[in-house]
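# Understanding the architecture of this molecule
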Amino acid sequence: MPRQLVECVPNFSEGRDVAKVEAIIAAMKIDGVYLLDKEMDADHNRCVITLVGDRDAVAEAAIRGVGKAAELIDLTKHQGAHPRIGASDVVPFIPIQGVTLEDCVAIARHVGAEIWKRYKVPVYLYEAAATKPERQNLENIRRGQFEGLRTEVATNAERRPDFGEAALHATAGATVVGARKPLIAYNVYLNTSDVEIAKNIGKAVRFSSGGLRYVKGMGVLVRGMAQVSMNLTDYDQTPIARVFEFVKREAARYGVMPVSSEIVGLIPKKALEQAAEWFLQVENFDSSLILENRLSAVMGAKAAVGGIRAGIEPFVEQLAAPTATPGGGSASAAAGAMAAALATMVAGMSRGKKAYQQYERELSDALSRLSHLREELKSSIDLDAASYAEVMKAYKDAKSAAPELGERLISDALKNATRVPLSIAQKAWEVRKVIETLKPITSKNMWSDLTVASSLARTAIEGGLANVEINLQELKDEAFKAEMKKAAEFLSS
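Residues numbered from 1 in each chain as written. Predicted model: local features only at pLDDT ≥ 70, side-chain atom pairs only at ≥ 80, totals over all residues. Heavy atoms only, no water.

The number of helices and strands found in the protein is 15 helices and 11 strands. By its C-alpha atoms, the protein is 85 × 55 × 45 Å across when sized along the principal axes. The proportion of buried residues among the 493 residues of the protein is 47%. Looking at the protein as shown, the accessible area adds up to about 24,000 Å², and 53% of this sits on carbon and sulfur atoms. Computed over 62 positive and 62 negative side-chain charges, the inter-centroid distance for the protein is 3 Å. (Helix = DSSP H or I, 4+ residues; strand = E, 2+ residues; numbered from the N terminus. Buried < 20%, exposed > 50% of the residue type's maximum accessible area, 1.4 Å probe, protein only. Areas by Shrake-Rupley, 256 points an atom, 1.4 Å probe, with all protein chains shown as cover. Lys, Arg positive; Asp, Glu negative; His and termini not counted. Charge placed at Lys NZ, Arg CZ, Asp CG, Glu CD.)

For the rest of this paragraph, the subject is helix H1 (residues 18-27). Three or more residues of H1 are buried, namely Val21, Ile24, Ile25 and Ala27. Looking straight down H1, one finds its buried side chains confined to an arc of 160°; they lie on one side. In the core, the buried residues of H1 are packed alongside strand S2 (11-12), strand S3 (33-41), strand S4 (46-53) and helix H2 (55-72). One side-chain oxygen of the residue at the start of H1 lies 3.1 Å from the amide nitrogen of Ala19, identifying that residue as Asp17. (Arc of directions from axis to C-beta. Contact = heavy atoms within 4.5 Å. Polar contact = N/O pair within 3.5 Å; in protein donor to acceptor, adjacent residues only side chain to side chain.)

Turning our eyes to something else, we now look at the sheet that holds strand S10 (residues 225-232). What the 4 strands build is an open sheet, ordered S9-S10-S8-S11; its pairing is antiparallel. Sheet topology places strand S9 (215-222) and strand S11 (258-264) at the edges, where each strand pairs with a single neighbour. The sheet shows a mean angle of 20° between the axes of neighbouring strands, taken without regard to direction. Of the pairings in the sheet, the one linking S9 to S10 comprises 8 bridges and is antiparallel in character. In the sheet register, Gly217 faces S10, and the bridge partner there is Met230. The strands touched by helix H6 (residues 195-205) within the sheet are strand S8 (184-190), S9 and S10, with S9 carrying the most contacts at an inclination of about 175°. (Pairing = 2+ DSSP bridges. Axes fitted to C-alpha atoms, helices over the stretch in contact; angles between N-to-C directions.)

The next subject is the layout of surface pockets. When its volume is computed, the second largest pocket comes out at roughly 1,300 Å³. Surrounding the second largest pocket, 50 residues form its lining, Asn11, Arg180, Leu183, Ala185 and Asn231 being those nearest its centre. Tallying contributions element by element places strand S5 (residues 88-97) first for the lining of the second largest pocket, with 6 residues. Its residues assigned to classes, the lining of the second largest pocket comprises 24 nonpolar, 13 polar and 13 charged. (1 Å grid on protein atoms, 1.4 Å probe; cavity = no way out; pocket = protein on both sides within 12 Å on 5 of 7 lines; lining within 4 Å. Points joined across faces, edges and corners; volume = space filled by probe spheres on them. Nonpolar A, V, L, I, M, F, W, Y, C, P; charged D, E, K, R; others polar.)

According to the stated counting rule, one finds 0 disulfides in the structure shown. In this model Cys8 remains outside any disulfide bridge; the closest cysteine sulfur is found in Cys104, 9.5 Å from its own. (Disulfide = S-S within 2.5 Å.)

One way to put it is that helix H14 (residues 447-472) packs onto helix H15 (residues 478-492) with a least axis distance of 11 Å and a crossing angle of 160°. As summarised for this structure, H14 and H15 are arranged roughly antiparallel, according to the angle between their axes. Crossing handedness for the pair H14 and H15: left-handed. Judged by residue contacts, Ile461, Leu465 and Leu472 of H14 engage Phe480, Lys481, Met484, Lys485, Ala488, Leu491 and Ser492 from H15. (Parallel < 35°, antiparallel > 145°, perpendicular 65-115°, else oblique. Left-handed = near helix turned anticlockwise from the far one by under 90°.)

Moving on: the side chain of Gln274. As for its position among the elements, Gln274 is in helix H8 (residues 269-280). Every residue in contact with Gln274, bar those within four places of it in the chain, is listed here: Tyr235, Asp236 and Pro239.

With that settled, consider the environment of Asn231. Structurally, Asn231 can be placed in strand S10. With a relative accessible area of 25%, Asn231 lands in the partly exposed category. Discounting chain neighbours no more than four positions away, the residues touching Asn231 are Leu183, Ile184, Ala185, Tyr214, Val215 and Lys216.

A surface patch of nonpolar side chains, about 260 Å² in accessible area, is lined by Tyr34, Leu36 and Leu266. Inspection of the secondary structure puts Tyr34 in strand S3. (Patch = residues over 30% accessible without salt bridge, like charges linked within 9 Å, V, L, I, M, F, W, Y side chains within 5 Å. Salt bridge = Lys/Arg side-chain N within 4 Å of Asp/Glu carboxyl O.)

This brings us to the confidence of the model for the protein. In low-pLDDT regions, the fine details of the predicted coordinates are not to be read closely. Per-residue confidence for the protein gives a mean pLDDT of 90, with 95% of residues at or over 70. Note that pLDDT drops below 50 for residues 301-306; the model gives that stretch 8 contacts with residues more than four away or on any other chain. (pLDDT = per-residue confidence, 0-100.)

Let's shift gears to the pattern of salt bridges. This structure, assessed with the given rule, holds 22 salt bridges. Among the salt bridges present, the one from Asp103 reaches Arg55, with a minimum N-O distance of 4.0 Å. In this pair, Asp103 sits in helix H3 (residues 101-119) while Arg55 sits in helix H2, placing the two residues 48 residues apart along the sequence. Overall, Asp103 belongs to the buried group, its relative accessible area being 6%. One salt bridge in this structure joins Lys270 and Asp236, with 2.9 Å as the shortest N-O distance. Within this pair, whereas Lys270 is found in helix H8, its partner Asp236 is found in the loop between S10 and helix H7 (240-253), the two being separated by 34 residues in sequence. Among the charged side chains, a salt-bridge network with shared partners connects Glu60, Arg64, Glu114 and Arg118.

Right, here's the structure in full:
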């Protein structure tokens, strides 16, 4: 499996015709993409496909799936319980491994542009990829569904798509593409056929009408039973067990009760761990107490002990070992990466909150830049150690080489060992500049985190420049030395 994994969960407006769904899945089968799950619901007339793979392959698979759905699904003839505006109704990208939410935002915007370019299906961006605060919420984009939006988009500028003209595709409608955290599609069935009760509970539980944060809910009639249909958009902050208990309590007001619940698609293991802790009331529960989790962590050399310490301990112990690498350069890169990570946390917690909606674009830009800088600084931890190894090898090889060749080998290795820490300092300098822009547009309660981030960035700059200085002492190329010193002086000014 690739080191970078992105999940994509496209929802298509077809849950009854197996042949059409299989044709859409076939269109998305390309190298580097794995099909994890397929859910079809005849009552909702909707299918949910779960794919995972490397970022480029998943993006291309999603684009092709939208194209095939536009070819096969005619919304003018579509009927179902679930709201929809498109044949490919919603296409979210979710970070799984080695990618960030900001990376998924970039993927979503690329995919949106390509869908319009190839198939002339207009695209709206939602959740973290939204270009307008009100479009973070999917239900705002879906208002009026296909039939209502088809009329309104032509006259209301606020409802124009992010990609495409002020008109929907005649049969495929529009597609909503975005980036988000893992979502849990969760339904609770009640022991009644009175759908109005389910609708009332759906209204009570959803955040937009005063219910639980990170929950979207509605009531529908499925197989003759009233169903509370919900999306949990952040199960860490609103656990699934809390949602079930809320629905159960509301149902009791009407003299009914849940008889079962269902999960549509896949669910993160952590969400079920939370539910087990909730209902079993286990004291001091920690996921590392689960046998399989502990085995995976220890056998994968990711942990020797539980808690946050487990993540940093191996690197700290490598720094303490009596070996030349990792050394100050790697530590500087790590400090810069931590600075970018802290700043990302602050910007991420502020973006999307009502008090900072006017800074949505600035915060999104900051998150995107910090994401790239963080990845580059993390890579530099190994690059610095590798550049030192190259210098040692050059000195060794020079002993058996002709004098001129040996001198060139050493010079080239030293130049590379100088460029790497300079790059670390430059990236940390950029991180610090981004941090400065965040203070006036983020919560005052997190200024201490920005102070720590700024200090870490400054340490990374100073550490990188110290390594530049010591490597320049061994070089004889005066032009190169002058170039490096000029760059270093700019960073230290």
